[in-house]
Amino acid sequence: MSAWAGLSLTILGSVLAPLLVGAALLRWLGLPRDADWRLRCGAAYVVGHLAVAALTASWLGCGQPGSIWWWLLAAAAVAAWRLRADGASRAPGAAGAALSPPLPRRSSAVDWGLILGVEVFLFDALASRVYPVRRSDEADIWAAKAKVLFAAPGGEVTEGLHHFAITGFYPSWNPLIQALVYGCRGEIVHFDNRLPIQLFGVAMLLILASALRRRTHPWLGALVLAALVGPLMRALVAVMFSDLMLACTAALAAESLLRWREQGERAWWRLACVAMAGMLASKNEGELLVPCLLAAAIAARCFGQPREPSAGALRDRRWLLWLLLPVAAKPSGAEQGRVADTVLRSPGMQPRHYAPQTQLTISEKAPSIISQMIQDGHRVGWLCNTPEDSAVQ
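Residues numbered from 1 in each chain as written. Predicted model: local features only at pLDDT ≥ 70, side-chain atom pairs only at ≥ 80, totals over all residues. Heavy atoms only, no water.

## What to know about the overall build of the protein
The line we're drawing: Each helix corresponds to a stretch of at least 4 residues labelled H or I by DSSP, and each strand to a stretch of at least 2 residues labelled E; elements are numbered beginning at the N terminus. When accessible area is computed with a 1.4 Å probe and restricted to protein chains, residues below 20% of their type maximum are described as buried, those above 50% as exposed, and intermediate ones as partly exposed. Here a residue-residue contact requires only that any non-hydrogen atoms of the pair lie within 4.5 Å. Per-residue and other accessible areas were derived by the Shrake-Rupley procedure at a 1.4 Å probe size, with only the shown protein chains allowed to occlude residues.
Helix and strand content of the protein: 18 helices and zero strands. A burial count over the protein gives 47% of its 393 residues as buried. Within the protein, counting contacts between residues at least 6 apart in sequence, those at least 24 apart form 80% of the total. Just so you have it, the protein exposes about 19100 Å², and 65% of that area is on carbon and sulfur atoms.

Have a look at this one:
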């Protein structure tokens, strides 16, 4: 298979298919049809990849029955049917309340910053295809876990993670997206598996552009978007770390919560919960950011003057059930602890190699673990194999 043919399969299966599924799910969530197209595109990419990741996990868990293309085609067909049915059942003018007054023509200045950012990010994403995934965290953590998920017999990944991934603690959304690429290509690849994750940078720019058009002076918004295309963001776009996914989902969650407060539309609350689930599914740092966003939203709800579509909406608490979605996306601490315990007690293992796992556990559960280490300090002696490592102890 030529490189361009493989890239075409990657784009079709891991970019366009999730985008179509996400567009249908946004309709199902009830997002107003007159929402800004920039936000809709960025949100559709995030929501679609969350849904397709669940589909990929099911395919892997069932032992990869048939080609994943059949699963994607079924999901795309359902999504297309949903979009067509929704378009036929709703009159063009019945999309609900407008999101905001018409924006002045000068607001197109934000789009110039958006175009610049998208061009730079796409250039960096395509330029990174000249070298394979072979070093740093993108190879040792994210790609290693994706390969284990894809190649493990019967979906049993414990032993594979012990031997091939530096740490298995991190959430699996990133590796599942890579496993989707492997499934679309029919083999493990080392170049194109970056692309769908890199495009979260473009989705983030679309979401931020929509927010800046509503809340800032157009030229200031353009300068903000241009400033984002700096060395740090370009370095993140060139690799497939989950930091970009976390930033994108955090931007979507924050903007959705703001619009929920401003307009009172429940669809924005539902979208915010989906985005917060994506934050928790992308990196462990999401466990710190999600409570911050929720605390800010609750404070604004309690002390501000939010708009409500009806008086009965305040008494209806069913919207709180959507918080179960990010709760379900939170990685299981018990499962992580069991994996770490198995690793550290396996015969022939070199504990020093797995010290980062222990440090991560300490940072997550510092009070209880440090207390236990003080009470029973001789059990942590295995961390120090050489005199240089005394600082770890």
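## A few points about the packing of helix α2 (residues 37-61) against helix α12 (residues 243-263)
The test is simple: To define axes, lines are fitted to C-alpha atoms, for helices over the stretch in contact only, and angles between the resulting N-to-C directions are given on a 0 to 180 degree scale. Oblique is the label for every angle not falling under 35 degrees (roughly parallel), over 145 degrees (roughly antiparallel), or within 65 to 115 degrees (roughly perpendicular). The sense of a crossing depends on the near helix, which, turned anticlockwise from the far helix by less than a right angle, makes the crossing left-handed and, turned clockwise, makes it right-handed. Classification convention: Asp, Glu, Lys, Arg as charged; Ala, Val, Leu, Ile, Met, Phe, Trp, Tyr, Cys, Pro as nonpolar; all other residues, Gly among them, as polar.
Axis separation between α2 and α12 bottoms out at 11 Å; the angle between their running directions is 125°. Accordingly, the angle class assigned to the pair α2 and α12 is oblique. Between α2 and α12 the crossing geometry is left-handed. Listed contacts from α12 to Leu39, Ala43 and Val46 of α2 are Cys248, Thr249, Leu252, Glu255 and Arg259. Its residues assigned to classes, the contact of α2 with α12 comprises five nonpolar, one polar and two charged.

## Quick notes on the nonpolar core
The line we're drawing: Here, nonpolar core means buried Ala, Val, Leu, Ile, Met, Phe, Trp, Tyr and Cys residues that are tied together by side-chain atoms lying within 4.5 Å of each other.
Membership of the largest hydrophobic core comes to 86 residues, with the highest contact counts inside it found for Leu26, Phe121, Trp173, Phe200, Leu252, Leu271 and Met279. If sequence neighbours within four positions are ignored, Phe121 has contacts with Gly201, Val202, Leu205, Leu228, Val229, Met233 and Val237.

## A closer look at the pattern of salt bridges
Let me state the cut-off plainly: Only one rule defines a salt bridge in this text: a Lys or Arg side-chain nitrogen within 4 Å of an Asp or Glu carboxyl oxygen.
Under the definition given, this model contains 13 salt bridges. Between Asp36 and Arg38 there is a salt bridge, and its shortest N-O distance comes to 2.5 Å. Judged by relative accessible area, Asp36 falls into the buried class, the value being 16%. Residue Arg38 is classed as buried on the basis of its relative accessible area of 5%. Between Arg38 and Asp111 there is a salt bridge, with the nearest N and O atoms lying 2.9 Å from each other.

## Here we look at the environment of Ile68
Looking at the secondary structure, you find Ile68 in helix α3 (residues 68-89). On the basis of relative accessible area, Ile68 is assigned to the buried category, the value being 0%. With twelve residues separating them in the primary sequence, Ile68 and Thr56 have C-alpha atoms 7.8 Å apart. With residues near it in sequence (within four places) discarded, Ile68 still touches Thr56, Trp59, Leu180, Gly183 and Cys184.

## Some remarks on helix α4 (residues 109-127)
This is how the line gets drawn: What a helix is expected to span follows from its residue count: subtract one and scale by 1.5 Å.
In this model α4 runs 28 Å from its N-terminal to its C-terminal C-alpha over 19 residues, within 8% of the 27 Å that 1.5 Å per residue would give. Looking at the buried side of α4, the elements it contacts are α2, α8 (195-198), α9 (200-215), α10 (218-228) and α11 (231-237).

## Details of the environment of Ile11
Secondary-structure assignment places Ile11 in helix α1 (residues 3-29). In this structure the C-alpha to C-alpha distance between Ile11 and Cys184, which are 173 residues apart in sequence, comes to 9.7 Å. Apart from the residues lying within four places of it in its own chain, the contact partners of Ile11 are Leu16 and Leu195.

Shape is all these values report; function is a separate question.
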